[in-house]
Amino acid sequence: MAGRINDDDVKAVRDAVPIDSVVSEYLQLRNAGGGNLKGLCPFHDEKSPSFQVSPGKGLFHCFGCQEGGDTIAFVMKIDHLSFSETVERLAAKAGITLRYEEGGYNPSHQRGERIRLIEAHQAAAEFYVRALESPEAEIGRKFLADRGFDQDAAAHFRVGYSPAGWDHLTRYLRGKGFSDKELITSGLSQDGRRGPIDRFRGRLMWPISDTAGEIVGFGARKLRDDDNGPKYLNTPETPIYKKSQVLYGIDLAKKDIAKASRAVVVEGYTDVMACHLAGVTTAIATCGTAFGNDHIKILRRLLMDNGSARVIFTFDGDSAGQKAALRAFEDDQKFAAETYIAIAPDGMDPCDLRLAKGDDSVRDLVEPRTPLFEFALRQIVGRYDLETPAGRAAALDEAAAVVAKIKTSSVQREVAVQLAGFVGILDQEFVVHRVAQLARWARDKGGDTAERGGRRGGAPGMRGGAPQQPAPAPGFSGPALNLRSPAHRTERELLKLALQKPALVSPAFDAYGLDEFTAPPYAAVRRCIEEAGGAEQGLADNREYLVAVMDAAPDNTVRSLVTELAVEVFIGKTIDETYAGMQLVHVRLRAVDRRINDVQGSLARLGSHVAPQDLAAAQNEVWVLQQYAQSLRAHGAAAL
């Protein structure tokens with residue numbers, strides 16, 4: 001069994017791969033001020049960005065769900081990898097050769113499962129690309145050429161060909177060191193009578209990548225009449241491929257989607273190719289499944305749900321396309337973006353349209369014209385005879401139930417007014433009332449109260465530059481945090497200084513005891529700093545110091561608070577020695593005053609029962625503390 005990765009190599013990987021570049025592979029980041037970046041959290045559903053990244057510290061923290069950590073922690077969580085798998089993956093990205101404490105270099109068969117499956121898919125993609133040049137693949141090259149795709153287009157999208165034999169790829173990957181178990185698990189091979197055989201045979205192959213650009217599966221198109229399989233055959237569900245969580249072309253489109261705040265959803269692989277080649281580089285497609293919740297989450301993180309964001313769906317004009325549009329409308333309100341539908345007048349898809357009328361026609365097609373809600377409602381009312389009262393009533397009943405699902409009341413009312421026009425009912429308020437009534441009935445049956453109550457997962461509120469009172473932190477005993485309390489607010493600032501700017505509070509901070517932090521969560525963070533060697537350790541290498549503090553955390557709750565404090569902005573505008581000195585003095589002064597009160601309270605309770613020597617010692621302690629407090633008030637940080 002392979003040994004642990006050398007600590008120096010882990011540090012080298014952590015330093016070599018900027019956290020913002022890694023996180024940007026999964027979501028769009030924007031300036032949050034103070035050197036931080038923000039985006040929509042990939043770990044929980046939210047509409048306002050509460051996820052922050054601090055490139056200078058190499059940390060991330062979500063103020064909504066409390067997830068936080070460094071680059072390694074982010075990749076481990078988002079891609080469900082082990083620590084070793086994550087370090088190996090980031091090391092490969094940075095070109096770093098890892099050393100292992102026991103057993104030398106880690107043999108390939110001992111590498112993490114996800115990494116092995118990714119490597120198998122990358123090798124398969126290269127195999128398929130080379131196979132497209134073979135004489136047998138002439139039928140595949142002709143298929144592409146007939147649809148307007150030349151050799152350069154095929155190379156750009158890494159289109160390949162799977163040979164028609166039983167086990168060409170399987171034997172090739174075995175020769176690369178992959179086991180039969182890995183090939184079956186990957187979905188590239190399947191069980192045959194005499195062992196594994198290729199899953200894809202005699203088909204045109206499109207590699208499907210995740211947002212990080214790693215190939216996780218394939219889409220295969222039938223080419224021959226004697227192929228009894230489906231027209232399109234995709235990779236089955238595997239540890240790395242979930243069809244509801246992948247979008248074809250997202251690796252190529254993600255930067256332009258984020259830059260333009262616009263995404264075009266098409267129906268097939270060739271449609272994505274046609275759009276990109278025509279200049280619509282924000283096109284993506286689902287892979288053998290309907291556009292659903294997980295796809296929405298991927299796009300929302302790239303679009304950032306700002307007011308100008310747009311999602312354009314292109315569906316065929318046939319009944320299947322209309323049903324797809326209606327399904328998309330069901331999820332429409334999960335976008336803050338405006339959603340539109342684009343259908344070519346003659347019902348052609350983008351690939352056919354480009355072939356028949358050129359690139360300009362594709363670009364013109366996806367210019368948003370018809371809002372998705374309008375198309376969906378017109379499809380519903382179009383099934384009824386609106387010339388009769390009964391037809392109008394039936395159309396209203398079905399369409400109003402759809403409009404009632406819109407949770408934003410102002411939008412719901414606006415759409416209801418437009419529905420009245422579609423159905424031909426002059427009394428708009430009657431339709432508005434009907435929709436509102438259906439919405440109330442749905443809520444009374446047990447609708448999503450979290451959604452009705454407002455946005456979820458937002459960043460903590462800010463008033464006067466200070467976070468408002470958060471919910472009690474789980475896992476701590478003692479009183480909950482109260483940031484309206486001057487003591488808790490100052491303790492929080494001092495811990496932020498110790499984590500973010502240790503040079504301003506060291507060495508004085510390291511002399512502060514746990515009892516000087518009245519909030520149990522803050523005392524826990526203070527203990528972590530102490531176990532990491534104190535704030536003084538941050539003077540040499542702040543990143544390694546923060547990692548050490550996180551490693552000292554006893555559980556995820558404390559670790560989350562560490563990352564939160566390490567990226568949170570300060571209350572003050574000017575963060576310098578004067579500001580740091582004020583926090584040090586206020587925390588110490590309150591601790592001194594508490595001790596004076598404790599001693600005096602004990603004396604008062606004991607009264608005449610206290611021994612003379614104990615009384616003298618207590619009075620002397622009070623006098624010393626009072627003098628120290630007076631000096632702190634008079635001289636500030638110089639008296640520490």
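A. Examining the overall build of the protein chain more closely. Scanning the protein chain from terminus to terminus reveals 27 helices and 18 strands. Counting over 640 residues, the protein chain shows a buried share of 49%. For the protein chain, the exposed surface amounts to about 29,600 Å²; the carbon and sulfur share of it is 49%.

B. A look at helix α8 (residues 168-175). Within the sequence span of α8, burial applies to Leu-169, Thr-170 and Leu-173. For α8, the angular spread of buried residues about the axis comes to 100°, placing them on one side. Turning to α8, the residues buried within the fold contact α5 (113-131), α9 (180-186), β7 (189-192) and β8 (195-198). A positive backbone phi angle near 100° is found at Gly-177, which sits one or two residues after α8.

C. Molecular detail of the sheet that holds strand β2 (residues 36-39). Within the open sheet, the 5 strands sit side by side as β1-β2-β3-β4-β5. Their pairing is antiparallel. A strand with exactly one partner marks an edge of an open sheet, and here the two such strands are β1 (30-33) and β5 (68-70). Each neighbouring strand pair of the sheet contributes to a mean axis angle of 25°, computed without reference to strand direction. Along the sheet, helix α25 (residues 556-567) contacts β2, β3 (51-54), β4 (59-62) and β5; its crossing angle with β4, the most-contacted strand, is approximately 105°.

D. Main features of the pattern of salt bridges. Evaluation of the coordinates by the stated rule reveals 36 salt bridges. Residue Asp-146 is joined to Lys-142 by a salt bridge in which the shortest nitrogen-to-oxygen separation is 2.9 Å. On the criterion of helical spacing, the pair formed by Asp-146 and Lys-142 is a turn pair, its members being 4 residues apart in helix α6 (residues 138-146). The class for Asp-146 is partly exposed, based on a relative accessible area of 40%. Arg-492 serves as the salt-bridge partner of Glu-568, at 2.8 Å between the closest nitrogen and oxygen. Here Glu-568, found in the loop between α25 and α26 (577-606), pairs with Arg-492, found in helix α21 (residues 486-500); they are 76 residues apart in sequence, far enough to count as distant. The same class applies to Glu-568 and to Arg-492, which are both buried. Within the structure, one salt-bridge network assembled from shared partners comprises Asp-79, Arg-89, Arg-114, Asp-210 and Glu-214.

E. Local environment of empty space enclosed by the protein. If you walk through the whole model with that rule in mind, you get 4 cavities of 30 Å³ or more. Contributing to the lining of the largest cavity are His-156, Phe-157, Arg-158, Pro-207, Ser-209, Tyr-248, Gly-249, Asp-251 and Leu-252. Put simply, the parts of the chain that give the lining of the largest cavity at least two residues each are β9 (203-209) and α10 (250-260). A breakdown of the residues in the lining of the largest cavity according to their chemical character gives 4 nonpolar, 3 polar and 2 charged.

F. Representation of the confidence of the model for the protein chain within the structure. Averaged over all residues, the pLDDT of the protein chain is 84; the fraction at 70 or higher stands at 88%. The low-confidence segment residues 104-110, where pLDDT is below 50, has 10 contacts with residues more than four positions distant or belonging to other chains. Residue range residues 447-475 is modelled with pLDDT below 50. Its contacts to residues more than four positions away, or to other chains, number 51 contacts.

G. Structural detail: the environment of Gln-122. Along the chain, Gln-122 falls in helix α5. C-alpha of Gln-122 to C-alpha of Pro-207: the two residues are 85 residues apart in sequence and 8.9 Å apart in space. Setting aside its immediate chain neighbours within four residues, Gln-122 contacts Arg-158 and Ile-215.

H. Inspection of the sheet that holds strand β15 (residues 338-342) at higher detail. Read from one edge of the open sheet, 5 strands run β13-β12-β14-β15-β16, paired in mixed fashion. Of all the strands in the sheet, the pair left with one neighbour each is β13 (283-285) and β16 (370-371). Inspection of the sheet shows β15 paired to β16 by 2 bridges, in the antiparallel sense. By the bridge assignment, Ile-341 is partnered in β16 with Thr-370. Strands β12 (262-266) and β13 of the sheet are contacted by helix α11 (residues 269-277), whose axis makes an angle of about 175° with β13.

I. Region of interest: the nonpolar core. With 43 residues, the main nonpolar core has Leu-144, Val-159, Leu-204, Trp-206 and Tyr-248 as its most contacted residues. Broken down by element, the residue count for this core peaks at 5 residues, all from α11. Setting aside residues no more than four positions away along its own chain, Leu-144 makes contact with Leu-132, Phe-149, Ala-154, Val-159, Leu-204 and Trp-206. Counting 38 residues, the second-largest nonpolar core is a separate cluster that includes Phe-63, Leu-495, Tyr-512 and Ala-519.

J. Spatial organisation of the side chain of Thr-211. Relative to the elements of secondary structure, Thr-211 occurs in the loop between β9 and β10 (215-222). Within polar-contact distance, the side chain of Thr-211 engages the backbone oxygen of Glu-25 at 3.4 Å.

K. Expanded view of the packing of aromatic side chains. Counted according to the given criterion, the structure contains 16 aromatic pairs. Judged by centre distance (5.5 Å) and plane angle (80°), the ring pair of Phe-60 and Phe-74 falls under edge-to-face. In this pair, Phe-60 is assigned in strand β4 and Phe-74 in helix α3 (residues 71-79), connecting sequence segments 14 residues apart. Here the aromatic rings of Trp-206 and Tyr-269 are separated by 5.4 Å at their centres, their planes lie at 15°, and the arrangement is stacked. Of this pair, Trp-206 sits in strand β9 while Tyr-269 is found in helix α11, placing the two residues 63 residues apart along the sequence. Take Trp-206 and Tyr-269: they sit in the same class, and that class is buried. Connected via pairs of aromatic rings, a cluster forms that spans Tyr-26, Phe-43, Phe-51, Phe-60 and Phe-74. Lying across the ring of Phe-143, Arg-147 places its NZ or CZ 3.6 Å from the centre. Positioned above the aromatic ring of Tyr-512 is the side chain of Arg-588, whose terminal nitrogen or guanidinium carbon lies 4.1 Å from the ring centre.

L. Molecular detail of unusual backbone geometry. Note that the residue after Ser-506, namely Pro-507, is joined by a cis bond; omega there is 10°. Of note, Pro-507 is situated in the loop between α22 (502-505) and α23 (520-531). Here Ser-261, not a glycine, exhibits a phi torsion of approximately 50°, which is positive. Tracing the sequence through the fold places Ser-261 in the loop between α10 and β12.

M. Region of interest: the state of the cysteines. For the structure on display, the rule yields 0 disulfides. Free cysteine Cys-65: the closest other cysteine sulfur is in Cys-62, separated by 3.7 Å. On the basis of relative accessibility, which here comes to 26%, the residue Cys-65 falls in the partly exposed class.

N. Representation of helix α18 (residues 409-423). Between its first and last C-alpha, α18 extends 21 Å over 15 residues, near the 21 Å set by a 1.5 Å rise per residue. Among the residues of α18, Gln-412, Val-415, Ala-416, Leu-419, Ala-420, Phe-422 and Val-423 are the ones counted as buried. For α18, the angular spread of the buried residues around the axis is 155°, confining them to a single face. Along α18, the residues that are exposed and aim more than 90 degrees away from the buried face are Ser-410, Glu-414 and Gly-421. Summarising the contacts, the buried residues of α18 are in contact with α16 (372-381), α17 (389-403) and α19 (428-444). Gly-424 lies just past α18 and shows a positive phi near 90°.

Cut-offs and rules
- Residues numbered from 1 in each chain as written.
- Predicted model: local features only at pLDDT ≥ 70, side-chain atom pairs only at ≥ 80, totals over all residues.
- Heavy atoms only, no water.
- Helix = DSSP H or I, 4+ residues; strand = E, 2+ residues; numbered from the N terminus.
- Buried < 20%, exposed > 50% of the residue type's maximum accessible area, 1.4 Å probe, protein only.
- Areas by Shrake-Rupley, 256 points an atom, 1.4 Å probe, with all protein chains shown as cover.
- Arc of directions from axis to C-beta.
- Contact = heavy atoms within 4.5 Å.
- Pairing = 2+ DSSP bridges.
- Axes fitted to C-alpha atoms, helices over the stretch in contact; angles between N-to-C directions.
- Salt bridge = Lys/Arg side-chain N within 4 Å of Asp/Glu carboxyl O.
- 1 Å grid on protein atoms, 1.4 Å probe; cavity = no way out; pocket = protein on both sides within 12 Å on 5 of 7 lines; lining within 4 Å.
- Points joined across faces, edges and corners; volume = space filled by probe spheres on them.
- Nonpolar A, V, L, I, M, F, W, Y, C, P; charged D, E, K, R; others polar.
- pLDDT = per-residue confidence, 0-100.
- Core = buried A, V, L, I, M, F, W, Y, C linked by side-chain atoms within 4.5 Å.
- Polar contact = N/O pair within 3.5 Å; in protein donor to acceptor, adjacent residues only side chain to side chain.
- Phe/Tyr/Trp six-rings, centres within 6.5 Å; stacked < 30°, edge-to-face > 60°.
- Lys NZ or Arg CZ within 6 Å of the ring centre and 35° of its normal.
- Disulfide = S-S within 2.5 Å.
- Expected span 1.5 Å × (residues − 1).

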